[in-house]
Amino acid sequence: MPKGKNQKFKLYRLAQIMSEQTDEDHYITMPEIMSALEEYEITADRKSIYADLKDLEKLGIEIEGERIGSGYHYHVIGRDFELPELKLLVDAIQSSKFITERKTNALIRKLEKMVSKYDAQKLQRQVYVSGRIKTMNESIYYTVDAIHNAITENKKIKFQYYQWNVKKEMELRHNGAWYHISPWGLSWDDENYYLVGFDSEAGKIKHYRVDKILKIRMSNEEREGKEYFQQLDMADYTKKSFGMFGGKEQTIKLLVHNSLAGVIIDRFGKDIMMIPIDEQYFTVNVDVHVSRQFLGWVFSFMTLFPCKRGIIRRTACRTPARCCPERQWCRTRGKYIASRARIGKGNVPCIASRARRRYTAAMSKTLRQRADQLAFEQGLAESREQARRLI
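Residues numbered from 1 in each chain as written. Predicted model: local features only at pLDDT ≥ 70, side-chain atom pairs only at ≥ 80, totals over all residues. Heavy atoms only, no water.

Colleague: Outline the overall build of the chain, listing residues and values.
Modeller: Of the regular secondary structure elements, the chain holds 12 helices and 16 strands. Considering the chain as a whole, with its 391 residues, one finds that 35% of them fall into the buried category. Taking as baseline every contact in the chain between residues at least 6 positions apart, the subset at least 24 positions apart corresponds to 62%. (Helix = DSSP H or I, 4+ residues; strand = E, 2+ residues; numbered from the N terminus. Buried < 20%, exposed > 50% of the residue type's maximum accessible area, 1.4 Å probe, protein only. Contact = heavy atoms within 4.5 Å.)

Structure below.
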């Protein structure tokens, strides 16, 4: 049998044919294998293909032949990744906000090459990325790689940092000044990727969104802040930070309704100690970085809390009581009042109640100032009138 033009690619093309056209549910016959090789201008007889199939097993591609009727059907029975595993990877890539839409599609296409064309269609049915919120920084792959290289080589990095303005335009922070940071790790929080590093000028640990980093470069200076990170557990540090916003670390005592036990465990883990105080509530002590984001997280779960004079129901609404069924109602007082959540010592009013008091205080101050001004103007007018009469 004369040899084809691409005979030296025979083993590679055979592996490609078996990987793309067969799986646990789809087979290929020997005549079909020979016909597929001819499409690549490769000729082969049965005996040589049998030997090549055995060689593929030595390369890690396990192929099984099953007798059906008068002939054999062949298919690949073992792959590096099973289909359910690849579906998990596809879902993880889709849900990652820091990966751009173009990179997301490119990665999924690469994963599809690891299964047959039939299973690849099942992966494609999972792909819905066009409507999801994705970052627009295409250089994020190289940013992450540069951060890892700097950590490995114990070097500082410098970069520019941007933010979005109301015109939907990218603008550099600090007028385009370069940030000089000692990178010590990467953290994943709230679907975003963060650089955790030490700022020598500020003398403290800071976080930066990786997808907002531009023009990253490795410096010749060695990293600083080792003493801050030697005893730092990165996972524990991330757990204490809400939205990766910093704040003073404090031990906070929370009064929590039993229905929110799952929320506490999901956030702080099963090792947290929850102490029941009655049939409906328990207390828990947690170490957190106190910030506005933490307080917002607490108030977002406000529910029934005990009151000395009755039961106060939750609200964050400023609608008049008669128009809003979700306003708080104190059964003892018989009227709508502000809700309160216990944090540490004493009671901390809810956001709506606190905002109402600030607004009332500001308006009272404004009205007093206006009244004083009117009194002064009225007195001045009366004085002028008396002066004209005397003249």
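Colleague: Would you mind going over the sheet that holds strand S1 (residues 28–29) in detail, with residue names and values included?
Modeller: An order of S1-S3-S2 is seen for the three strands of this open sheet, with the pairing classed as antiparallel. Among the strands making up the open sheet, the edge pair consists of S1 and strand S2 (63–68). Its contacts with the sheet put helix H1 (residues 10–21) on S1, S2 and strand S3 (71–76), and the angle it makes with S3 is roughly 85 degrees. (Pairing = 2+ DSSP bridges. Axes fitted to C-alpha atoms, helices over the stretch in contact; angles between N-to-C directions.)

Colleague: How would you explain the packing of aromatic side chains if you had to name every residue and give the values?
Modeller: Going through the model one piece at a time under the given rule, you end up with eight aromatic pairs. Aromatic side chains Phe159 and Tyr208 sit 5.5 Å apart centroid to centroid with 80 degrees between the ring planes, which places their arrangement in the edge-to-face category. Of this pair, Phe159 sits in strand S4 (residues 155–164) while Tyr208 sits in strand S8 (residues 204–209), and the two are 49 residues apart along the sequence. Within the aromatic cluster, the residues linked to one another by ring pairs are Phe159, Tyr161, Tyr179 and Tyr208. Between the NZ or CZ atom of Lys158 and the centre of the ring of Trp178, over which it lies, the distance is 5.6 Å. Between the NZ or CZ atom of Arg223 and the centre of the ring of Trp184, over which it lies, the distance is 3.7 Å. (Phe/Tyr/Trp six-rings, centres within 6.5 Å; stacked < 30°, edge-to-face > 60°. Lys NZ or Arg CZ within 6 Å of the ring centre and 35° of its normal.)

Colleague: How would you explain a negative patch on the surface if you had to name every residue and give the values?
Modeller: Taken together, the side chains of Glu24, Asp25, Glu82 and Glu85 define an acidic patch exposed on the protein surface. Along the polypeptide, Glu82 turns up in the loop between S3 and helix H4 (83–95). (Patch = residues over 30% accessible without salt bridge, like charges linked within 9 Å, V, L, I, M, F, W, Y side chains within 5 Å. Areas by Shrake-Rupley, 256 points an atom, 1.4 Å probe, with all protein chains shown as cover. Salt bridge = Lys/Arg side-chain N within 4 Å of Asp/Glu carboxyl O. Lys, Arg positive; Asp, Glu negative; His and termini not counted. Charge placed at Lys NZ, Arg CZ, Asp CG, Glu CD.)

Colleague: Tell me about the sheet that holds strand S12 (residues 281–290), and please be specific about residues and values.
Modeller: Consider a sheet: its strands pair through backbone hydrogen bonds, and that pairing is either parallel or antiparallel. What the three strands build is an open sheet, ordered S10-S12-S11; its pairing is antiparallel. In the strand order of this sheet, the two ends are held by strand S10 (248–257) and strand S11 (274–276), each with one partner. Mean inter-strand twist for the sheet, computed between neighbouring axes without regard to direction, equals 25 degrees.

Colleague: Lay out the confidence of the model for the chain with the relevant residues and their values.
Modeller: Chain-level pLDDT for the chain is 75 on average; 67% of the residues reach the 70-or-more range. The low-confidence segment residues 126–130, where pLDDT is below 50, has 13 contacts with residues more than four positions distant or belonging to other chains. Across residues 338–352, confidence stays below pLDDT 50; counting only partners more than four residues off in sequence or on other chains, it has 46 contacts. (pLDDT = per-residue confidence, 0-100.)

Colleague: Outline the pattern of salt bridges, listing residues and values.
Modeller: Scanning all chains against the criterion turns up six salt bridges. The salt bridge partner of Lys122 is Asp119, with a shortest N-O separation of 3.7 Å. Taken together, the residues Lys122 and Asp119, both in helix H6 (residues 117–124) and three residues apart, mark about one turn of the helix. Among the residues examined, Asp119 registers a relative accessible area of 13% and is labelled buried. The shortest N-O distance in the salt bridge between Glu224 and Lys156 comes to 3.7 Å. Taken together, the residues Glu224 in the loop between strand S9 (213–222) and helix H8 (226–229) and Lys156 in strand S4 connect sequence positions 68 residues apart. Bridged by salt links that share partners, the residues Lys156, Glu221 and Glu224 form one connected network.

Colleague: How would you sum up the nonpolar core? Please name residues and give values.
Modeller: Counting residues in hydrophobic clusters, the biggest one holds 27 residues, and the most contacted among them are Phe159, Leu195, Tyr208 and Val210. Among the elements of the structure, H4, helix H5 (101–112), H6, helix H7 (140–153), S4, strand S6 (179–189), strand S7 (192–199) and S9 are those that each provide at least two residues to this core. With sequence-adjacent residues up to four places away left out, Phe159 is seen in contact with Ala177, Trp178, Tyr179, Ile181, Leu195, Tyr208, Ile213, Leu214, Lys215 and Ile216. Core analysis: the second largest hydrophobic core is formed by 17 residues, Leu14, Ala15, Leu37 and Leu56 among them. (Core = buried A, V, L, I, M, F, W, Y, C linked by side-chain atoms within 4.5 Å.)

Colleague: Now, about unusual backbone geometry: what can you tell me, with residues and values included?
Modeller: A positive phi angle is found at His174, which is not glycine, with a value near 55 degrees. Considering the arrangement of structural elements, one finds His174 in the loop between strand S5 (170–172) and S6. With relative accessibility at 56%, the residue His174 sits in the exposed group.

Colleague: Explain the pairing of S2 to me, using residue names and the numbers behind them.
Modeller: Bridge analysis of S2 against S3 gives six bridges, and the strand direction is antiparallel. Bridging from a neighbouring strand, Glu66 pairs with His73 of S3. Counting the residues between successive antiparallel strands, the hairpin from S2 to S3 contains two residues, one of them, Gly69, with a positive phi of roughly 70 degrees.

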